[in-house]
Amino acid sequence: MGLTEAEVTISAEKLDTENGVAVYEVDFVKGNVKYEYDINAMTGAVYSKSSESTALPSTEAAAQPSEAETAAANATVAPTAENRSNNNYIGLERAKAIALGDAGLSAASVTFTEAKPDFDDGVPNYDLDFYTATHEYDYEINALTSAIMDKSVEVNEHAVRETKPAATAAPTAVATEAARGFIGVDRAKSIALGHAGVSASSVSFSKAKLDDDDDRGVYEIEFYMGNTEYDYEIDAYSGAILEASAEND
C-alpha cells in the first residue's frame, strides 16, 4: 500500500528543471526516513527518487523503508494543484498585465476567455486568451521570467458586425424615363400647352402621366382653362401629338 498525505510531513515542494525537463521536487518525511522525489511535470512519472535515514548515529541502525513505503516510492505521482504553486512564479495577474501592456489594451476593454497556468515543452507559462470587439489575442507568458513566449492576434470573426449595404434609392420617374429615351413629362406638357396656345400659369393640370402598359410610351396630359378641358396623348419617344381634343363643360 502507498502512503497517504496524513502519514507524512511535506518538507519541500517546488517546480524545477533537471537536464532541461520540468520536474516537481517533492520532499517529505515519515518517521526517521526522508524521501526525495522528482516528478515529471508533464507526465506525472517518477523522474528520480531517494530516501535516507534521519536518525542520529547513536540510535539504532537507520530505519529502512517499510514494504508500504517502498510501494509508495514506486507509485506514479501526478502533480496536484498545490504542487503547481511556486513562489518563483510571477503570478497570473502579473502575466495578464504583461499581455495587455504588449497589446496596448486595458483590462476594462477586453474579455478573457482563458487564463491558466500551463506547460510548453516543459517550460511553465501562463496561457492567456482574450478578445476585444475587433480582435482576438492569444499569449503565452513565461511563468518564471515574465518573457512573452508566443503571441498571436486575429480578427474577431464573432464580433465583426454584418454591414449591410445602404439601400439604393429607387430611381426617380424622371431618371427612369430618361434612361428609356423618353422626352419626359415636363416636355410633354410643354408640347400640349404650345399646341393649345396657352401658358402653364393660365391652366390647371388634372393629369400628366406616362402610360406604357402596352409597351408603347405615351404621355396622357389633361388640363383645364376656364370651362374648357384639353386632353392630349404625346408620344414618349418622339414628342409627336398622337391625339388632341378640347371640350367645353
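Above this text sits the structure in question.
The notes below deal with the structure included here.

What counts, and where the lines are drawn
- Residues numbered from 1 in each chain as written.
- Predicted model: local features only at pLDDT ≥ 70, side-chain atom pairs only at ≥ 80, totals over all residues.
- Heavy atoms only, no water.
- Phe/Tyr/Trp six-rings, centres within 6.5 Å; stacked < 30°, edge-to-face > 60°.
- Buried < 20%, exposed > 50% of the residue type's maximum accessible area, 1.4 Å probe, protein only.
- Lys NZ or Arg CZ within 6 Å of the ring centre and 35° of its normal.
- Helix = DSSP H or I, 4+ residues; strand = E, 2+ residues; numbered from the N terminus.
- Expected span 1.5 Å × (residues − 1).
- Pairing = 2+ DSSP bridges.
- Axes fitted to C-alpha atoms, helices over the stretch in contact; angles between N-to-C directions.
- Contact = heavy atoms within 4.5 Å.

## Digging into the packing of aromatic side chains
Consideration 1: Evaluated as defined, the whole model comprises eleven aromatic pairs.
Consideration 2: Where Phe223 meets Tyr230, the ring centres are 4.9 Å apart and the plane angle is 15°; that geometry is what we call stacked.
Consideration 3: On the basis of relative accessibility, which here comes to 13%, the residue Tyr230 falls in the buried class.
Consideration 4: Here the aromatic cluster, defined as three or more aromatic residues joined through ring pairs, consists of Phe112, Phe130, Tyr137 and Tyr139.
Consideration 5: Taking the ring centre of Phe112 as reference, the NZ or CZ of Lys96 above it sits at 4.8 Å.
Consideration 6: In this arrangement the basic side chain of Lys189 is found over the ring face of Phe205, its NZ or CZ atom lying 4.4 Å from the centre.

## Some remarks on helix α5 (residues 185-196)
Consideration 1: For α5, with twelve residues, the first-to-last C-alpha span of 17 Å sits near the 16 Å given by 1.5 Å per residue.
Consideration 2: Looking only at α5, the buried set comprises Ala188, Ile191, Ala192 and Leu193.
Consideration 3: Looking one or two residues beyond α5, the residue adopting positive phi is Gly197, at roughly 75°.

## Quick notes on the sheet that holds strand β5 (residues 111-120)
Strand pairing in a sheet is mediated by backbone hydrogen bonds. Such pairs are either parallel or antiparallel.
Consideration 1: One open sheet accounts for four strands, arranged β5-β6-β7-β8; its pairing is antiparallel. Each edge of the open sheet carries a strand with a single partner, namely β5 and β8 (148-155). The average angle at which neighbouring strand axes cross in this sheet is 10°, direction not considered.
Consideration 2: Contacts from helix α3 (residues 92-103) reach β5, β6 (123-131), β7 (135-142) and β8, with the element oriented near 55° to β6.

## Comments concerning the sheet that holds strand β2 (residues 21-30)
Consideration 1: Here we have four strands laid out as an open sheet, ordered β1-β2-β3-β4, and antiparallel in their pairing. Lying at the two open borders of the sheet, with one neighbouring strand each, are β1 (9-18) and β4 (46-53). Between one strand axis and the next, the sheet turns by 15° as a mean value, whatever way the strands run.
Consideration 2: In the sheet, β2 pairs with strand β3 (residues 33-40) via eight bridges, with the strands oriented antiparallel. Each bridged residue has a counterpart across the sheet, and for Val29 the counterpart in β3 is Lys34.

## Let's talk about unusual backbone geometry
Consideration 1: One non-glycine residue, Asp121, adopts positive backbone phi at about 55°.
Consideration 2: In this structure, Asp121 sits in the loop between β5 and β6.
Consideration 3: Positive phi is not limited to glycine here, since Ser146 has a value of about 70°.
Consideration 4: On the accessibility criterion, Ser146 (26% relative accessible area) is partly exposed.

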